[in-house]
Amino acid sequence: MRTILIIGVLAFGVQLSTVTINESTQGQQKTTDTVKKELIDPVCKMKIRPKSSTNENYTYEKANYTFCSATCKNKFVAQPTKYIKKPKN
């Protein structure tokens, strides 16, 4: 079994993750931890950490949105359709 260290550089620092590869599974990889995806504030477009204590969250039409601050959240709550991208049909 081998362990690989992955270093991801994010906007707010460096995140370390490990991936363990079990060689006895005939080439299949097993992941123990993965690099977390960055989130984008739908109002100001700022990159934010997924689990930061300063994030603000809001659910609109069964979708969860994360914001960098209460100010951006309040702008979204006032006019959510202004910030939601509708898919083209």
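First, a word on scope: everything that follows refers to the structure included in this document.

Cut-offs used in this document
- Each residue is numbered by its place in its chain's sequence as written, counting from 1.
- Only residues with pLDDT of at least 70 get local features here, since the model is predicted, and only at 80 or more are side-chain atom pairs given and counted; chain-wide, interface and lining totals rely on the full set of residues.
- Note that water and hydrogens are dropped before the side-chain values are worked out from all heavy atoms of the structure.
- The numbering of helices and of strands both runs from the N terminus, where a helix is a DSSP run of H or I of at least 4 residues and a strand a run of E of at least 2.
- Relative accessibility decides the category of a residue: with a 1.4 Å probe and only protein chains considered, values under 20% of the type maximum give buried, values over 50% give exposed, and everything between is partly exposed.
- We call two residues in contact whenever any of their non-hydrogen atoms come within 4.5 Å of each other.
- What sets the accessible areas is the Shrake-Rupley method with a 1.4 Å probe; for residues, cover comes only from the shown protein chains.
- Residues grouped as a nonpolar core are buried Ala, Val, Leu, Ile, Met, Phe, Trp, Tyr and Cys residues, joined through side-chain atoms within 4.5 Å.
- Pairing of aromatic rings covers Phe, Tyr and the six-membered ring of Trp, with a centre-to-centre limit of 6.5 Å; geometry is then stacked below 30 degrees between planes, edge-to-face above 60, and tilted otherwise.
- Salt bridges, as used here, are contacts in which a Lys or Arg side-chain nitrogen is within 4 Å of a carboxyl oxygen on Asp or Glu.

### As for the overall build of the chain
- Check the secondary structure of the chain and you find 2 helices and 6 strands.
- Reading the chain from its N terminus to its C terminus gives the helix and strand order β-β-β-β-β-β-α-α.
- Within the chain, the proportion of its 89 residues that are buried is 25%.
- Partitioning the intrachain contacts of the chain with sequence separation of at least 6 by distance along the chain shows that 22% fall at a separation of at least 24.
- Total accessible area on the chain stands at roughly 7,000 Å², and carbon and sulfur atoms take up 52% of it.

### Comments concerning the nonpolar core
- In terms of nonpolar packing, the biggest core is built from 10 residues, these being Val 43, Ile 48, Tyr 60, Tyr 65, Phe 67, Cys 68, Cys 72, Phe 76, Tyr 83 and Ile 84.
- Where this core is concerned, the elements lending two or more residues are strand 6 (63-67) and helix 1 (70-78).
- Not counting chain neighbours up to four residues away, the residues in contact with Phe 76 comprise Pro 42, Val 43, Tyr 58, Tyr 60, Tyr 65, Phe 67, Tyr 83 and Ile 84.

### Focus on the packing of aromatic side chains
- Using the criterion set out here, one finds 5 aromatic pairs in the structure.
- With a centroid separation of 6.2 Å and 90° between ring planes, the pair formed by Tyr 60 and Phe 76 is classed as edge-to-face. Of this pair, Tyr 60 sits in strand 5 (residues 56-60) while Phe 76 sits in helix 1, and the two are 16 residues apart along the sequence. For the pair shown, Tyr 60 and Phe 76 are each scored as buried.
- Here the aromatic cluster, defined as three or more aromatic residues joined through ring pairs, consists of Tyr 58, Tyr 60, Tyr 65, Phe 67, Phe 76 and Tyr 83.

### Regarding the pattern of salt bridges
- Evaluation of the coordinates by the stated rule reveals 1 salt bridge.
- Of the charged contacts, one joins Lys 73 and Glu 56 as a salt bridge, the two residues approaching to 3.9 Å between their closest N and O atoms. You can see Lys 73 sitting in helix 1 and its partner Glu 56 sitting in strand 5, a full 17 residues away along the chain.
- Relative accessible area serves as the criterion here: at 27%, Glu 56 is assigned to the partly exposed category.

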